[in-house]
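What follows is each chain in one-letter form.
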Amino acid sequence: MIEIKNLNKYFYKGEERELHALRDVNFEIEKGEFALLSGPSGCGKTTLLNAIGALDSIDSGEIWLEKREIGTLDEDERTKIRLNEMGFVFQAYNLIPVLNVEENIGFIMKLRGFKDEEIKKRVLEVATLLEIQNKLHAMPATLSGGEQQRVAVARAVAPKPKIILADEPTANLDSKNSKALMDMMKSLNEKEGISILFASHDEYVMASVRRTIKMNDGAIVES
Amino acid sequence: MYKLIIKLAFNNAFIRLSRTILVVIMIAVSMSMMISLQGLYDGMVLSMVDKTKRSDSGEVSLYNKEYRVSKALSDNITNATQIKEELLKRQDVNAVVQRLEADGLSATAKKSAFSTIIGIDLNTEEKFGGFSEFLKPQGELRLDKRGVLLGSELAKTLKIRIGSKVIFSTQDATGEINAIALRVRGIIQTNNISLDASALYVDAKVLAKFLGVSQNVATQIAIRSDSPTLKTELTQKYPDLDVKSFLELYPMMKQMQEIMVIFNSITFFIVMMVVFIGIMGVMYVSILDRIREFGIMRSIGMSYSLIRSQIFLEALFVGVLGYLLGAVLGYGALYYLENYGLDLSEFADGLESFGYSSIIYATTKVSYFSSTFLAIVGASLLSVLLPLRKIKKMNTIEVTKVDI
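Owing to the predicted nature of the structure, the values given are computational and were not obtained by experimental measurement.

## A word on the overall build of chain A
Link 1 in the chain: Of the regular secondary structure elements, chain A holds 7 helices and 10 strands.
Link 2 in the chain: In terms of overall size, chain A behaves like a compact globule, its C-alpha atoms giving a radius of gyration of 17 Å where 223 residues would be expected to give roughly 17 Å.
Link 3 in the chain: The principal-axis extent of the C-alpha atoms belonging to chain A is close to 50 × 35 × 35 Å.
Link 4 in the chain: Burial analysis of chain A (223 residues in total) assigns 57% to the buried set.

## Here we look at the interface of chain A and chain B
Link 1 in the chain: Taken together, the 25 residues of chain A in the interface contact 24 residues of chain B.
Link 2 in the chain: Approximately 2200 Å² of surface area, both sides summed, lies buried where chain A meets chain B, with 68% of it carried by carbon and sulfur atoms.
Link 3 in the chain: Taken together, chain A and chain B are joined by 2 salt bridges.
Link 4 in the chain: A salt bridge links E103 of chain A to K7 of chain B; its shortest N-O distance comes to 2.2 Å.
Link 5 in the chain: For the interface between chain A and chain B, the tally reads 7 residue pairs in polar contact (both at pLDDT 80 or more).
Link 6 in the chain: Contributing elements (two or more residues each) for the side of chain A that touches chain B: α2 (75–85) and α3 (101–111) of chain A.
Link 7 in the chain: Sort the elements by how many residues they give to the side of chain A that touches chain B and α3 of chain A lands first, with 5 residues.
Link 8 in the chain: For the side of chain A that touches chain B, the residue count by class is 14 nonpolar, 4 polar and 7 charged.

## Some words on the pairing of strand β10 (residues 219–222) of chain A
All names here are of chain A.
Link 1 in the chain: Here strand β9 (residues 211–216) runs beside β10; their pairing, made up of 3 bridges, is antiparallel. When the sheet's bridge partners are listed, M215 is paired in β10 with I220.
Link 2 in the chain: Between β9 and β10, which pair antiparallel one after the other, the connecting turn spans 2 residues, and D217 there sits at a positive phi close to 50°.

## Thoughts on the side chain of S152 of chain B
Link 1 in the chain: Relative to the elements of secondary structure, S152 of chain B occurs in helix α6 (residues 152–158).
Link 2 in the chain: Apart from the residues within four sequence positions on either side, S152 of chain B is in contact with K136, I187, I188, Q189 and D196 of chain B.

## Quick word on the confidence of the model for chain B
Link 1 in the chain: Of the residues in chain B, 98% have a pLDDT of 70 or more, and the chain-wide mean is 90.
Link 2 in the chain: For this predicted complex, the interface score ipTM comes out at 0.85, while the overall pTM is 0.75.

## Re the sheet that holds strand β7 (residues 163–167) of chain A
Residue and element names in this part refer to chain A.
Link 1 in the chain: Read from one edge to the other, the open sheet built from 6 strands follows the order β6-β7-β8-β3-β9-β10, with strand pairing classed as mixed. This sheet does not close on itself; its edge strands, each paired only once, are β6 (86–89) and β10. For this sheet, the mean angle separating the axes of adjacent strands, direction not counted, is 25°.
Link 2 in the chain: Together, β3 (34–38), β6, β7 and β8 (195–199) form the strand contacts of helix α6 (residues 175–192), whose direction differs from that of β8 by roughly 150°.

## Here we look at the packing of helix α11 (residues 251–289) of chain B against helix α13 (residues 304–339) of chain B
Residues and elements named next belong to chain B.
Link 1 in the chain: Their axes nearest at 11 Å, the elements α11 and α13 cross at an angle of 135°. Taken together, the axes of α11 and α13 lie oblique to each other. At the point where α11 passes α13, the crossing takes the right-handed sense. Contacts between α11 and α13 involve I279, M283, S286 and I287 from the first element and I311, E314, A315 and G319 from the second.
Link 2 in the chain: Per-class residue counts for the contact of α11 with α13 are 5 nonpolar, 2 polar and 1 charged.

## Looking at the pairing of strand β5 (residues 165–171) of chain B
The side chains of a regular strand alternate between both faces of the sheet.
Residues and elements named next belong to chain B.
Link 1 in the chain: Burial along β5 is one-sided: the residues V166, F168 and T170 are buried and none of K165, I167, S169 and Q171 is.
Link 2 in the chain: In this structure, strand β2 (residues 93–107) lies alongside β5, joined through 3 bridges in antiparallel fashion. Directly across from S106, in β5, lies its bridge partner F168.
Link 3 in the chain: In terms of strand pairing, β5 meets strand β6 (residues 177–188) through 7 bridges, oriented antiparallel. Note that in β6 the partner of Q171 across the bridge is I177.
Link 4 in the chain: Adjacent in sequence and paired antiparallel, β5 and β6 are bridged by 5 residues, among which G175 carries a positive phi angle near 95°.

## Description of the nonpolar core
Link 1 in the chain: The biggest cluster of nonpolar side chains holds 102 residues, and the ones touching the most others in it are F107 and L197 of chain A.
Link 2 in the chain: With 12 residues, the single largest contributor to this core is helix α2 (residues 17–57) of chain B.
Link 3 in the chain: Here L197 of chain A is in contact with I29, A35, L36, L37, L49, I52, I163, I164, L165, A166 and I213 of chain A, once residues within four sequence places are set aside.
Link 4 in the chain: Counting 37 residues, the second largest nonpolar core, distinct from the first, contains Y93, I105, V123 and A166 of chain A.

## Structural notes on the side chain of Q149 of chain A
All names here are of chain A.
Link 1 in the chain: You can see Q149 is positioned in helix α5 (residues 145–157).
Link 2 in the chain: We classify Q149 as buried; its relative accessible area is 0%.
Link 3 in the chain: Apart from residues no more than four positions distant in its own chain, Q149 is found in contact with V89, F90, Q91, Y93, P169, L173 and L181.

## Considering unusual backbone geometry
Link 1 in the chain: Its identity is not glycine, yet E168 of chain A carries a phi of approximately 45°, on the positive side.
Link 2 in the chain: On the accessibility criterion, E168 of chain A (11% relative accessible area) is buried.
Link 3 in the chain: Located in the positive-phi region is K159 of chain B, a residue other than glycine, with phi close to 55°.
Link 4 in the chain: Inspection of the secondary structure puts K159 of chain B in the loop between α6 and β5.

## Topic: the domain arrangement of chain B
Residues and elements named next belong to chain B.
Link 1 in the chain: As assigned here, chain B comprises domain 1 (2–52 + 253–400) and domain 2 (60–225).
Link 2 in the chain: Summed over the shared surface of domain 1 and domain 2, the result is 0 salt bridges.
Link 3 in the chain: Seen at the junction of domain 1 and domain 2, the total is 1 residue pair in polar contact (both at pLDDT 80 or more).
Link 4 in the chain: Counting residues per element, the ones that place at least two in the side of domain 1 that touches domain 2 are α2 and α14 (348–353).
Link 5 in the chain: By residue number, the principal contributor to the side of domain 1 that touches domain 2 is α14, which donates 3 residues.
Link 6 in the chain: Here the residues of the side of domain 1 that touches domain 2 are counted per class, giving 2 nonpolar, 4 polar and 3 charged.

## Side note on the sheet that holds strand β4 (residues 60–65) of chain A
All names here are of chain A.
Link 1 in the chain: Spatial strand order, β2-β1-β4-β5: 4 strands in an open sheet with antiparallel pairing. Edge positions in the sheet fall to β2 (16–29) and β5 (68–69), since each of these pairs with one other strand and no more.
Link 2 in the chain: Where strand β1 (residues 2–13) lies against β4, 5 bridges are found, and the strand directions are antiparallel. Opposite N8, over in β4, you have S60 as the bridge partner.

## Focus on the environment of R183 of chain B
All names here are of chain B.
Link 1 in the chain: Structurally, R183 is set in strand β6.
Link 2 in the chain: A relative accessible area of 35% means that R183 is categorised as partly exposed.
Link 3 in the chain: It is 5.8 Å that separates the C-alpha atoms of R183 and S164, two residues lying 19 residues apart in sequence.
Link 4 in the chain: R183 has contacts with R146, G147, V148, G163, S164 and K165, leaving out every residue within four places of it along the chain.

Reading guide: rules and limits
- Residues numbered from 1 in each chain as written.
- Chains lettered and ligands numbered in written order.
- Predicted model: local features only at pLDDT ≥ 70, side-chain atom pairs only at ≥ 80, totals over all residues.
- Heavy atoms only, no water.
- Helix = DSSP H or I, 4+ residues; strand = E, 2+ residues; numbered from the N terminus.
- Rg over C-alpha atoms; globule rule 2.2 N^0.38 Å.
- Buried < 20%, exposed > 50% of the residue type's maximum accessible area, 1.4 Å probe, protein only.
- Contact = heavy atoms within 4.5 Å.
- Buried area = accessible area lost by both parts, 1.4 Å probe.
- Salt bridge = Lys/Arg side-chain N within 4 Å of Asp/Glu carboxyl O.
- Polar contact = N/O pair within 3.5 Å; in protein donor to acceptor, adjacent residues only side chain to side chain.
- Nonpolar A, V, L, I, M, F, W, Y, C, P; charged D, E, K, R; others polar.
- Pairing = 2+ DSSP bridges.
- pLDDT = per-residue confidence, 0-100.
- Axes fitted to C-alpha atoms, helices over the stretch in contact; angles between N-to-C directions.
- Parallel < 35°, antiparallel > 145°, perpendicular 65-115°, else oblique.
- Left-handed = near helix turned anticlockwise from the far one by under 90°.
- Core = buried A, V, L, I, M, F, W, Y, C linked by side-chain atoms within 4.5 Å.
- Domains from an automatic or database assignment.

So this is what it looks like as structure tokens:
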């Protein structure tokens, strides 16, 4: 479903290349995978995740999402890809503070033009799977960290994207919430068939995934 | 979709309530003051125009072709009464007066001044321009055989009070110097500078007899009318007469109107700059506060154009709310100033010497509100261009990284 070919990414200081962040990265993610990018801090996990998620540009190589090369698209095209094909879960939850839980979960579906009844039904379905169905009218600021992260997962899952990219989703959660979140995401992966790619070095994540792609110094060392 | 954008904009516009309220109040107060000033400026000019028309020119005046240059009694309209009757039969004419004027010298025992004696009929002047409203307190509106009503500035020059005697001398129709002794019955203040400084109003019949001319003779026929084509029609009908519009007789009034438009424009510009800077400040700070939120929106696929619409709407909410409050305050202020006026009696001497009343009444025009609305909408939209640049240039990855 996703194929990365000879991907290179540099960080620049002015016009000078300061860091070779991704070095000839090659790997594939199949449909329905539940995989992890792991490696020490600064090895390039988040950079790779951002590149796959069309959040960041690349210097060379190719990123194929099904039959479309997305590595060379302009910002507007990348925005459309993010909206229609991807789901994101960030370390810092990143909910929209002025919208309640229901509106946050349905936000991407709304942007994609789903009908209100359809959104309502799907929001309730996903919220029930993530056990936040009784918090639908709460504002994000009134929720615990674990609940906020479940809302973020629900928002990513609701429009049924091709893949969810989750960057350190458990980093701000305690062990109980981390385990609960991973169990729920695993269940979503199995029930919904959505591919999920994590970037993390959390033991709960490592223990939950079916595949681990190891990175070091910007390169894949084991996939 | 747009319901969501409106909800986002509305909620965000009021997320920092005290800051938003402060900007709304700032817009409302500055806008209401601007509207009040516009009303007062226009009121001042309209009052001058109105008083000048009522006391002298009407909308259109007729003269002998030579009179306005020669000012000679011989250059008169000989069949004035007949013309007046013809004019009064027209549907588009509201009122007509005929006046007889002669320049001469007014004198008391100690003072003298160049002045103009004007023969009028009080009843027709009342219908023409509410002449009695020009009478200052203490006097009476009565023109008997020796009665005279004096312009207020002329009375000051001659140091004359009600009941004082004044001698007016001039050349009569035969060319002889003649004089008439008159008793002051009242003081007239029209705020028409030239009239107040030189006019002696006497009964038209008394003046005609004194000057030795027929009662059918006039030096001016003034007309009140709402017809915009009257001047053209009268020019064609009376080719032997000099037909002048109000603005031709008082070009200064046109200049004053234009000056007031400039004053209003400057005030308008200053207030709109205040609105612009106010909204821009609040929007800029608000966007910096929420830059991560916009980063999230961009990263999950919200297009820049939707974010731009949201920001425009936020600015519009603040601007339009300020406008609505400002419109209510401004209307209240205008209502008060229109009915009770702004009393500047302390500066009466200065104002009256320029032809202004000491109590200034405002006027209310719909255009004050409509043009302000458009300007506030424009200022609101322009004020977010800089904050929007910030969003356009933000690094989505960097701004979403911020720790919780």
